[in-house]
Amino acid sequence: MSAGANKRLLTEITKLKALSTNPDPSSVRFLLDKSPIDDPSGAARAGAGNSSQNIILGRVLPTSSIYNQAAYQIEIKLPPEFPFKPPEVRFITSIYHPNVDEQGKICVDLLNSNETWKPTAPLVDVIKAVVELIDNPKIDHALNADIANEYTTNRPEFDRKATAMVKKHGLPRS
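Residues numbered from 1 in each chain as written. Predicted model: local features only at pLDDT ≥ 70, side-chain atom pairs only at ≥ 80, totals over all residues. Heavy atoms only, no water.

Here we come to the confidence of the model for the protein. The pLDDT averaged across the protein works out to 88; a share of 87% of its residues lies at or above 70. The model gives residues 42–51 a pLDDT under 50, and that stretch makes 13 contacts with residues more than four places away or in other chains. (pLDDT = per-residue confidence, 0-100. Contact = heavy atoms within 4.5 Å.)

Counting residues in hydrophobic clusters, the biggest one holds 40 residues, and the most contacted among them are Val-60, Phe-91, Ile-106 and Ile-127. Put simply, the parts of the chain that give this core at least two residues each are helix H1 (3–18), strand S1 (30–34), strand S2 (54–60), strand S3 (72–78), strand S4 (88–91), helix H3 (123–135), helix H4 (145–153) and helix H5 (155–169). Counting residues per element, this core draws most heavily on H3, which supplies eight residues. Discounting residues that sit within four places of it in the chain, Ile-127 has contacts with Leu-16, Leu-19, Val-28, Phe-30, Val-60, Ile-74 and Ile-76. (Core = buried A, V, L, I, M, F, W, Y, C linked by side-chain atoms within 4.5 Å. Buried < 20%, exposed > 50% of the residue type's maximum accessible area, 1.4 Å probe, protein only. Helix = DSSP H or I, 4+ residues; strand = E, 2+ residues; numbered from the N terminus.)

This paragraph deals with unusual backbone geometry. Comment: phi is negative for the bulk of residues other than glycine, and the bulk of peptide bonds are trans. Across the junction of Phe-82 and Pro-83, the peptide omega takes the value 10 degrees, indicating a cis bond. Looking at the element boundaries, Pro-83 is found in the loop between S3 and S4. Despite not being glycine, Ile-66 shows a phi value in the positive range, around 75 degrees.

Turning our eyes to something else, we now look at the packing of aromatic side chains. Considering all chains together, one arrives at four aromatic pairs under this definition. Pairing Tyr-151 with Phe-158 gives two aromatic rings, centres 4.9 Å apart and planes at 90 degrees, and the pair type is edge-to-face. The same class applies to Tyr-151 and to Phe-158, which are both buried. A network of ring pairs unites the aromatic residues Tyr-96, Tyr-151 and Phe-158 as a single cluster. (Phe/Tyr/Trp six-rings, centres within 6.5 Å; stacked < 30°, edge-to-face > 60°.)

Our focus in this paragraph is the sheet that holds S3. If you trace the four strands from one edge of the open sheet to the other, you get S1-S2-S3-S4, paired in antiparallel fashion. The sheet terminates laterally at S1 and S4, the two strands that pair on one side only. Here the strands of the sheet are splayed against their neighbours by 30 degrees on average, with no regard to which way each runs. (Pairing = 2+ DSSP bridges. Axes fitted to C-alpha atoms, helices over the stretch in contact; angles between N-to-C directions.)

The next point concerns the environment of Phe-84. If you trace the backbone, Phe-84 turns up in the loop between S3 and S4. Among the residues examined, Phe-84 registers a relative accessible area of 62% and is labelled exposed. Separated by 34 residues in sequence, Phe-84 and Lys-118 place their C-alpha atoms 7.3 Å apart. Ignoring any residue separated from it by four or fewer positions in sequence, one finds Phe-84 in contact with Trp-117 and Pro-119.

Another point: the pairing of S3. Burial within S3 is extensive, with six of its seven residues counted as buried. Relative to S3, S2 runs antiparallel, the two sharing seven bridges. Directly across from Asn-54, in S3, lies its bridge partner Leu-78. With four bridges joining them, S3 and S4 adopt antiparallel strand pairing. When the sheet's bridge partners are listed, Lys-77 is paired in S4 with Glu-88.

Attention now moves to the UniProt feature "active site" (unreviewed entry) in the protein. In the numbering used here, UniProt assigns the feature "active site" (unreviewed entry) to Cys-107. Assignment of secondary structure puts Cys-107 in the loop between S4 and helix H2 (109–112). By relative accessible area, Cys-107 is classed as partly exposed at 26%. Not counting residues up to four positions away in its chain, the partners in contact with Cys-107 are Asn-99, Asn-112, Leu-133 and Leu-143. (UniProt positions renumbered as here; feature names shortened; annotations may be inferred.)

Right, here's the structure in full:
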C-alpha cells in the first residue's frame, strides 16, 4: 500500500472511530471492532492470497424499531484499488431484513456502480448508507424476495421473526 493510501486509510479509520463518541443522538453510530491500523500484522486482512485487501470490522447501531435493540457487526473489505473501487460490505451478524441475503450481503446504492461510487466518498458515508437501508428497507431492491413479501403483506409476522433474530444474534450496543 502506498504512503498516500496509508494516510487515506488512517484518516478513514479515525473518522469511523469518531462515530462511536458523537454526542448527537440523531447521528449514525458505529463501533469499530478491528482495523488494519489496529493490527498491522495482517490479522485483520483477508487470507494469505488476498493480503493486500484490508478489512474493517465494526458494529452499526440502527435506530428503527426492532433493529434498535442491538448492534450488528459488518465487514468492510477495502480492495487494493480503494478508493478508486468501492469497498464490499456484508453483515457478519445474522439479521432478518429484506435487503440482506443469507450470506450477509447487502445492496447499497452508493457501492453498486461506477456512477454512484466516487473515490472521494468517505467510509462514514458507507456506514450512513448501510444504517439508512436497515432503518428504511427498499422493498423494490430486496435481496430476499420472501422476506420482502412478508414485510409488505404480513408485517406482524415479519416483526415477530425480525425480533426473534435480534434477540438470538444481536450484539451489545456499547
